[in-house]
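Coordinates in review
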Amino acid sequence: MIVIDRENSLSHVEREKLLDRVMGPARFQKSSELLRRGRLPADGLAFVAFDGKHMIGTVRLWNVKAGDSGSSLLLGPLAVEKAYNGSGVGAGLMYAALNAAQSAGHQSALLVGDPDYYARFGFHAAPANGLLMPGHFDRHRFLGINLGNGDALSGSTGILRATGQMTH
């Protein structure tokens, strides 16, 4: 039975091993990693999926300042054990994370990822058009979503900056 729940303090080592298997060392070179390095995920917005005792998926949201639009969240990485691709685990993690973010009052989220995959969750390029990631990123893969009733990212310009709590 697959269970999705909030990440706990004991999940870190197993989560890192899962990310190594699914994403490899290239994950450390991504512009999103520059915003995550040395930071804690947004409070209550880190989720893991287990099949029995085996961690098979993970997603986290991170506090960022989205240029002149103010606070937002950066989603990622979303990773699912390859044997579970197409099983709905990734979608379950996405819905858990986005619903929790919206319930906590967050107004928007951004990510760098496959536009076709993330469109089903409401992510599109338009909300992120005026924003930039630090370092190199693929513009067509930089996507945003407004979580609240408003249009928090509309007309936003500037560079994303990490604002989350430091790990030490």
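Quick caveat: nothing in here was measured; it's all calculated off a predicted structure. (Residues numbered from 1 in each chain as written. Predicted model: local features only at pLDDT ≥ 70, side-chain atom pairs only at ≥ 80, totals over all residues. Heavy atoms only, no water.)

**Some points on the nonpolar core**
Counting residues in hydrophobic clusters, the biggest one holds 28 residues, and the most contacted among them are Leu-75, Leu-93, Met-94, Tyr-118 and Phe-123. Of all elements in the fold, only strand E2 (46-51), strand E3 (54-66), strand E4 (71-75), helix H3 (89-103), strand E6 (108-112) and strand E8 (142-146) reach the threshold of two or more residues within this core. Counting residues per element, this core draws most heavily on H3, at eight residues. The contact partners of Phe-123, leaving out residues within four places of it in the chain, are Leu-75, Met-94, Leu-98, Ala-109, Leu-110, Leu-111, Tyr-118, Leu-143, Gly-144 and Ile-145. (Core = buried A, V, L, I, M, F, W, Y, C linked by side-chain atoms within 4.5 Å. Buried < 20%, exposed > 50% of the residue type's maximum accessible area, 1.4 Å probe, protein only. Helix = DSSP H or I, 4+ residues; strand = E, 2+ residues; numbered from the N terminus. Contact = heavy atoms within 4.5 Å.)

**A look at H3**
Taking 1.5 Å per residue as the helical rise, H3 with its 15 residues ought to reach 21 Å, and the 21 Å between its terminal C-alpha atoms agrees with that figure. Buried residues along H3 sit in contact with strand E1 (2-6), E2, E3, E4, strand E5 (79-80) and helix H4 (115-119). One or two residues past the end of H3 sits Gly-105, with phi positive at roughly 95 degrees. (Expected span 1.5 Å × (residues − 1).)

**Re the side chain of Thr-58**
Locating Thr-58 in the fold gives a position in strand E3. When its relative accessible area of 0% is taken as the criterion, Thr-58 is described as buried. One polar contact links Thr-58 to Arg-15, side chain to side chain, over a distance of 3.0 Å. Discounting chain neighbours no more than four positions away, the residues touching Thr-58 are Glu-7, Arg-15, Leu-18, Leu-19, Phe-47, Val-48, Pro-77, Leu-78, Ala-79 and Leu-93. (Polar contact = N/O pair within 3.5 Å; in protein donor to acceptor, adjacent residues only side chain to side chain.)

**Re the pairing of E2**
Strand direction decides the pairing type here: E1 and E2, joined by five bridges, are antiparallel. Each residue of the ladder has a partner; that of Ile-4, found in E2, is Ala-49. With six bridges joining them, E2 and E3 adopt antiparallel strand pairing. The partner of Ala-46 across the bridge, within E3, is Arg-60. In this structure, the hairpin formed by E2 and E3 is closed by a connection of two residues, where Gly-52 is found at a positive phi of approximately 70 degrees. (Pairing = 2+ DSSP bridges.)

**Some details on the packing of aromatic side chains**
In this description, an aromatic ring pair is defined by two values, namely the gap between the centres and the angle between the planes. All told, the structure shown has six aromatic pairs when counted by the stated rule. When the centroid spacing of 6.4 Å and the interplanar angle of 55 degrees are considered together, the rings of Tyr-118 and Phe-121 count as tilted. Taken individually, Tyr-118 and Phe-121 each receive the classification buried, so the pair is uniform in this respect. Considering the side-chain rings of Tyr-118 and Phe-123, the 6.2 Å spacing of their centres and the 75 degrees angle between planes classify their relative orientation as edge-to-face. According to the relative accessible area criterion, Tyr-118 is buried, its value standing at 10%. Among the aromatic side chains, those forming a connected cluster through ring pairs are Tyr-95, Tyr-117, Tyr-118, Phe-121 and Phe-123. (Phe/Tyr/Trp six-rings, centres within 6.5 Å; stacked < 30°, edge-to-face > 60°.)

**Looking at helix H1 (residues 12-23)**
Between its terminal C-alpha atoms H1 stretches 16 Å, which fits the 16 Å expected from 12 residues at 1.5 Å a residue. Tucked into the core, H1 has its buried residues touching E3 and E5. At the exit of H1 stands Gly-24, carrying a positive phi of roughly 70 degrees.

**Concerning the environment of His-140**
Inspection of the secondary structure assignment puts His-140 in the loop between strand E7 (131-132) and E8. What makes His-140 exposed here is its relative accessible area of 54%. Sequence separation between His-140 and Gln-107 is 33 residues; the distance between their C-alpha atoms is 22 Å.

The analysis is restricted to geometry; functional conclusions fall outside its scope.
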